[in-house]
Amino acid sequence: MAKWNPFRRNKPEDKAPQESPAVEPGQGGESDASSESTTPVAPSESSTAPAQQTPAVPSEPVPTEPTSKAPTPEAPEPEKEQKTGFFSKFKTALKKTVNVLNTDLRDIVKEGRLVDDAFLEEIFALMIRTDMGVASASKIRDDIGKKFRARKVEFSDLVGSAKETVREIMQQGSADVNFAESGPTIIMVVGVNGAGKTTSIAKLVYRYKEMGKSVVLGAGDTFRAAAVEQLTVWANRLNAEIITGKSGSDPASVAWQATEAAYNNDHDICIIDTAGRLQTQSNLMDELGRINRLINKAANKVSEGSTAPHEVLLVLDATAGQNALSQAKGFSEAANCTGIVLAKLDGTAKGGVAIPICQEFGLPVKFIGLGETPDAFAKFDVDTFVDALFDEN
Ligand SMILES: Nc1nc2c(ncn2[C@@H]2O[C@H](COP(=O)(O)OP(=O)(O)OP(=O)(O)O)[C@@H](O)[C@H]2O)c(=O)[nH]1
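Here's what I pulled together on the structure shown here. Owing to the predicted nature of the structure, the values given are computational and were not obtained by experimental measurement.

Take the nonpolar core next. Among the nonpolar cores identified, the biggest contains 113 residues, and Ile271, Leu342 and Phe385 are the most heavily contacted of them. Sorting elements by how many residues they give to this core places helix 8 (residues 251–264) first, with eight residues. Those residues within four positions of Phe385 in sequence are excluded, and the remaining contacts are Phe90, Leu94, Met170, Leu345, Gly351, Ala354, Ile355 and Phe380.

Here we take up the site of the ligand. For the ligand, the set of nearby residues contains 20 residues, the closest of which are Lys197, Thr198, Thr199, Asp346 and Glu372. A distance of 3.0 Å separates an oxygen atom of the ligand from a polar atom in the backbone of Gly194. Here an oxygen atom of the ligand and a backbone polar atom of Ala195 are 3.1 Å apart. In the complex, 85% of the free accessible area of the ligand, which totals 650 Å², lies under the protein chains. Its residues assigned to classes, the shell around the ligand shows three nonpolar, nine polar and eight charged.

Below, the discussion takes up the pattern of salt bridges. Counted by the stated rule, this structure contains 18 salt bridges. Where Lys163 meets Asp387, a salt bridge forms, and the shortest distance between an N and an O atom there is 3.4 Å. Placement of the pair is Lys163 in helix 5 (residues 155–169) and Asp387 in helix 12 (residues 382–389), with a sequence separation of 224 residues. Residue classification places Asp387 among the partly exposed positions, given a relative accessible area of 25%. Asp250 is the salt-bridge partner of Arg290, the closest N and O atoms lying 2.9 Å from each other. Taken as a pair, Arg290 in helix 9 (residues 282–302) and Asp250 in the loop between strand 5 (241–243) and helix 8 lie far apart in primary sequence, 40 residues in all. Residue class for Asp250 comes out buried when judged on its relative accessible area of 8%. Among the ionic contacts, a cluster of salt bridges with common partners joins Lys139, Asp143, Lys146 and Glu168.

Definitions and limits used
- Residues numbered from 1 in each chain as written.
- Predicted model: local features only at pLDDT ≥ 70, side-chain atom pairs only at ≥ 80, totals over all residues.
- Heavy atoms only, no water.
- Core = buried A, V, L, I, M, F, W, Y, C linked by side-chain atoms within 4.5 Å.
- Buried < 20%, exposed > 50% of the residue type's maximum accessible area, 1.4 Å probe, protein only.
- Helix = DSSP H or I, 4+ residues; strand = E, 2+ residues; numbered from the N terminus.
- Contact = heavy atoms within 4.5 Å.
- Near = heavy atom within 4 Å.
- Polar contact = N/O pair within 3.5 Å; in protein donor to acceptor, adjacent residues only side chain to side chain.
- Areas by Shrake-Rupley, 256 points an atom, 1.4 Å probe, with all protein chains shown as cover.
- Nonpolar A, V, L, I, M, F, W, Y, C, P; charged D, E, K, R; others polar.
- Salt bridge = Lys/Arg side-chain N within 4 Å of Asp/Glu carboxyl O.

As structure tokens, then:
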């Protein structure tokens, strides 16, 4: 019997695609993305509750009828995480990057090579191919030069030195999200279109459900009807409550209502999706700031003294390589990001991009996406990453 895979995508667009409204997020629109939504209310930053709108808008946002998510009959409980082992999980996912490093690195020292300028440039070129960036590749090259110049080296010498350098560059611990000291932990998820936000949210839900936590989702990508449907499918499969709004409605309203639901319904975790956007679209980047502030206001209103969100996760597509860096730059400045999810690390030979991300932005890589299956997600750990990247076996 085929195993149930909660991460198998029932792409809404495979069924009946809905036209996205011809509006930008936050501008309002006509088409209805969800049969379970109430009329969205645009929260105002200047009031303690979302502002009134015409027609007939209540003084406070009416929480969308929570779509209580009893598992659908055909949806069994999520399968237990496969016990493949943390290290082999990393290694399998990084296979493409590891192949570049190990095969080629081994090749250039096969005969036992003297470390001279030409050799060091070969090392540099090889490192660059993993998209670790010029600064990291230069440091690896220079450190090898300092240690071994004019000597013959073996593969293990190079690997040992490179590992040491990368560990030195990626000075970050391994951490889960910043959990709230009390009350629900509110997590906002941001990133460009197609980076892997929805899939990563589903993986987070799976992760926290496995830990026995209750989760509510806020379908804040009101711009793309299919995104709401997609997240609703995950919520159904993973038995999480979901708050949705009408297509084209104010995403801050959904975020507000999801935050309220998290406090009022005693959830442990609230994850709020946002529409994909480019770091260059300043109005849309400003919108993220507004959503962030209104989440805080909603949290403080329901539970005085609370501050939220506790985590703003930026999802980056590892296959974008160096482009992921410019995304990280734009988003980290505009959206007050607190951590990174590096998705699709399995699909690329550019896995080295995790190194400059850690180095340049002071933002910890918290999780990595290692595929599309439920267990294809891991808390990022520098030592495991480095060992897998330069695995000598
Ligand atoms: N191999 C692999 N594929 C992934 C991973 N994460 C996401 N994907 C795939 O990447 C594609 C885009 O993922 P989504 O989660 O829909 O991305 P999104 O950021 O929500 O997209 P928008 O809603 O359009 O902004 C899908 O086909 C996912 O299955 C991963 O870690 N590994």
